[in-house]
Amino acid sequence: MKRGKIATLLAAFTLAAAPILSNAGLVSAADDNYSTTTPNEVTVAIHKYKTTSDLSGKTKQNADFDTKSTSDLKNLLGLGDSDNLEPMANVKFEYFKVNDSDKLADLAKKSVKELEAAYTTNGTMTTDASGLATKVIPETDYGKYYFVEVTKTDSAFETAPFLLEVPSYISGKGYAKTMNVYPKNKVTTPTPGKDVSALGTNDDSANVGDQVKWFLKGTIPADIDTYQTYEFIDTLDSALTYDKSFTPVVTVGTKTLKAGDDYTVTEPTADSNVFKVTLTEAGKKKAYDAYQAAGKTPSAEEIKDIAKNTDENPFIEVEFATTINEKAVMGKTIDNKVTLNYHNGGNVSGHPESDTPEVHTGGIRFIKKDAVNKNVLEGAVFELYEADGTTPVKWTQAMIDANGSTGFKDQAVGSQVKLVSKKDGTFEIKGLKYGEAGKKNEEASTQYVLKEVQAPEGYNLPDNATTTVTVNKTSYYKDPTVTTPVAADPVEILNNKTPNLPMTGGIGALIFALTGLAAVGFAFYEIKKRRQA
């Protein structure tokens, strides 16, 4: 995509108070701008322009600080005769005399207030109707100067901060008495970002059927009010179903925009799993006002993981919801990114994609066996609980759709999940959340408790009928990322047979009882006989 847009050009011209030079030539000879000895003062002259042409990569430094006619300037930028350059008035710059050792990258990290506190030699300069701003620096204040634009203007990019060494010596010419500079412009075409569950979060997990929220984010270009198009296009993964029960929310900074007036929503359909939000003219104007009030928007890098939308650093935010459906592959990330479609009404447009947050869901496999001979066992019944062992895992319709009906007991929406070992001894569950928000899929895991409540026929329940198991990326498939994943090894659940002892009340017990009674009767008879004798 092109990175330029309705751009501004910062240009510096010589001759204080001189009008914009025509294509015919210069007012004075170029050599008049140089001195072989250190001048008593140096003038920094800045001209601010705007153009509807794409200036990405075209803005160049004016290495000799020479003057430029309009024609020279267009040649420098690679513009044609039909391309316009319009001066911009009332653009304010602030300058600071900094230390010789200070670097541009470090200074750019400081706010204007921080700069004002750190450097006592400072001031402002503002462009006039011709786009000209000048500052005369006397010999006593010579040194390194840092310039930063502090006024954001209509249809304009912010000029990137720049450094000047005053005075500057030009080899073969001398010291420039007026320094004509052409610093680069900051490109402020919009950049998208995307999060899951909460701003600043790129990874999360959920049960199949549970709601998953997504956050679309976009930086605000300085001239968004002139944009023809600014819209988010989100093509949902097939494992995600758009949740119509949640009404999308669009905000700029802390201000909530109004559906219909400020933006329109296009919901996914059976034929197209695309979610789209488009700003209206009113919505773009509100975003522009937010940018103007703050004087900034997050950088292209910052927007990826920014965790708060504030009036001091606003961006455009869209919150909407989906659910995970039965098409999800257990243990595989469900990646979802957004495309930001923009057009400035001129020759600059783009379709950048965001970073890629993900959500995942998992499952686990089991097999029931004889503890001694390892034969598989059918008919064992288990209840499934959360890690605390007391909170039951309950069915949703989406979980029923994902698992089917085989291998379960009393299956119904809202009832506890009960699993039954099949003829081959196997049983399984799919669509379980694993890992906390912010945990990458590779590192995420969650424990569940499986409680046996009915042993197979001829077997006893174990002394400890509960088994703690771990659901993670590879608990259902060995490698869920391949085209044809292979089943993970099942967790073995063992049972012992019931001992083969005589039943209480059987014939053996009866014989034993009769024998005992006969012995007691004989003893009583002998005692009575002796007393009579």
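So, here is what we can say about the structure in this document. Position labels on residues start from 1 in each chain and follow its written sequence. With the structure being a predicted model, the display of local features is reserved for residues of pLDDT at least 70 and the display and counting of side-chain atom pairs for 80 or more, all residues being used for whole-chain, interface and lining totals. Heavy atoms throughout the structure, all of them, feed into the side-chain values; hydrogens and water do not.

**A few points about the packing of aromatic side chains**
Okay, so step 1: Aromatic rings from Phe, Tyr and Trp, taking only the six-membered ring of Trp, are treated as a pair when their centres fall within 6.5 Å; an angle between ring planes under 30 degrees marks them as stacked, one over 60 as edge-to-face, and anything in between as tilted. What the rule picks out here adds up to 13 aromatic pairs.
Okay, so step 2: Ring geometry for Phe 147 and Phe 162: centres 5.0 Å apart, planes at 5°, overall stacked. You can see Phe 147 sitting in strand E8 (residues 143-149) and its partner Phe 162 sitting in strand E9 (residues 162-166), a full 15 residues away along the chain. Of the two residues, Phe 147 and Phe 162, neither departs from the other in class, the shared state being buried.
Okay, so step 3: A centroid spacing of 4.7 Å and a plane angle of 15° characterise the contact between Phe 382 and Phe 427, whose relative ring orientation is stacked. Highlighted residues: Phe 382 in strand E28 (residues 381-385) and Phe 427 in strand E30 (residues 426-432), separated in sequence by 45 residues. The same class applies to Phe 382 as to Phe 427, namely buried.
Okay, so step 4: Taken together, the aromatic side chains of Tyr 95, Tyr 145, Phe 147 and Phe 162 make up a single cluster linked through ring pairs.
Okay, so step 5: Ring-over charges, as used throughout, are those where CZ of Arg or NZ of Lys falls within 6 Å of the ring centre and within 35 degrees of the ring normal. Cation over ring: Arg 365 sits above Tyr 476, and NZ or CZ is 3.7 Å from the ring centre. A run of H or I in DSSP becomes a helix once it reaches four residues, and a run of E becomes a strand once it reaches two; helices and strands are each numbered from the N terminus. Throughout this description, buried means an accessible area under 20% of the type-specific maximum (1.4 Å probe, protein chains only), exposed means over 50%, and partly exposed covers the range between.

**A few points about the pairing of strand E15 (residues 211-218)**
Okay, so step 1: Buried residues dominate E15, accounting for six of its eight residues.
Okay, so step 2: In short, DSSP must find at least two bridges between two strands for them to pair. Relative to E15, strand E13 (residues 192-196) runs antiparallel, the two sharing five bridges. The residue of E15 that forms the bridge with Pro 192 is Gly 218.
Okay, so step 3: Here eight bridges tie E15 to strand E22 (residues 316-324), and the two strands are oriented antiparallel to one another. When the sheet's bridge partners are listed, Gly 218 is paired in E22 with Ile 316.

**Quick look at the sheet that holds strand E24 (residues 339-343)**
Okay, so step 1: Read from one edge to the other, the open sheet built from five strands follows the order E20-E21-E16-E24-E25, with strand pairing classed as antiparallel. Only two strands of the sheet have a single neighbouring strand rather than two, namely strand E20 (263-266) and strand E25 (349-350).
Okay, so step 2: Pairing of strand E16 (residues 229-235) with strand E21 (residues 274-279) involves five bridges; the strand directions are antiparallel. Following the sheet pairing, Ile 233 is matched in E21 by Lys 276.

**Some thoughts on the nonpolar core**
Okay, so step 1: Nonpolar core, defined: a set of buried Ala, Val, Leu, Ile, Met, Phe, Trp, Tyr and Cys residues in which side-chain atoms within 4.5 Å join the residues together. Core analysis: the biggest nonpolar cluster contains 65 residues, and Ile 316, Ile 324, Leu 384 and Ile 429 have the highest contact counts within it.
Okay, so step 2: Core analysis: the next-biggest nonpolar cluster, separate from the first, contains 22 residues, Tyr 34, Val 44, Phe 93 and Phe 147 among them.

**Structural notes on the side chain of Thr 323**
Okay, so step 1: Here Thr 323 lies in strand E22.
Okay, so step 2: With relative accessibility at 17%, the residue Thr 323 sits in the buried group.

**What to know about the pattern of salt bridges**
Okay, so step 1: Basic side-chain nitrogens of Lys or Arg form a salt bridge, by our definition, when they fall within 4 Å of a carboxyl oxygen of Asp or Glu. Under the counting rule described, the total for this entry stands at 17 salt bridges.
Okay, so step 2: Taking the shortest distance from any N to any O, the salt bridge between Lys 217 and Asp 195 comes out at 2.6 Å. In this pair, Lys 217 is assigned in strand E15 and Asp 195 in strand E13, connecting sequence segments 22 residues apart. The pair formed by Lys 217 and Asp 195 is uniform in burial state, with each residue classed as buried.
Okay, so step 3: Residue Lys 213 pairs with Glu 319 through a salt bridge whose shortest N-O separation is 3.4 Å. With a gap of 106 residues between them, Lys 213 in strand E15 and Glu 319 in strand E22 connect regions that are remote in the sequence.
Okay, so step 4: Its relative accessible area of 26% is what places Lys 213 among the partly exposed residues.

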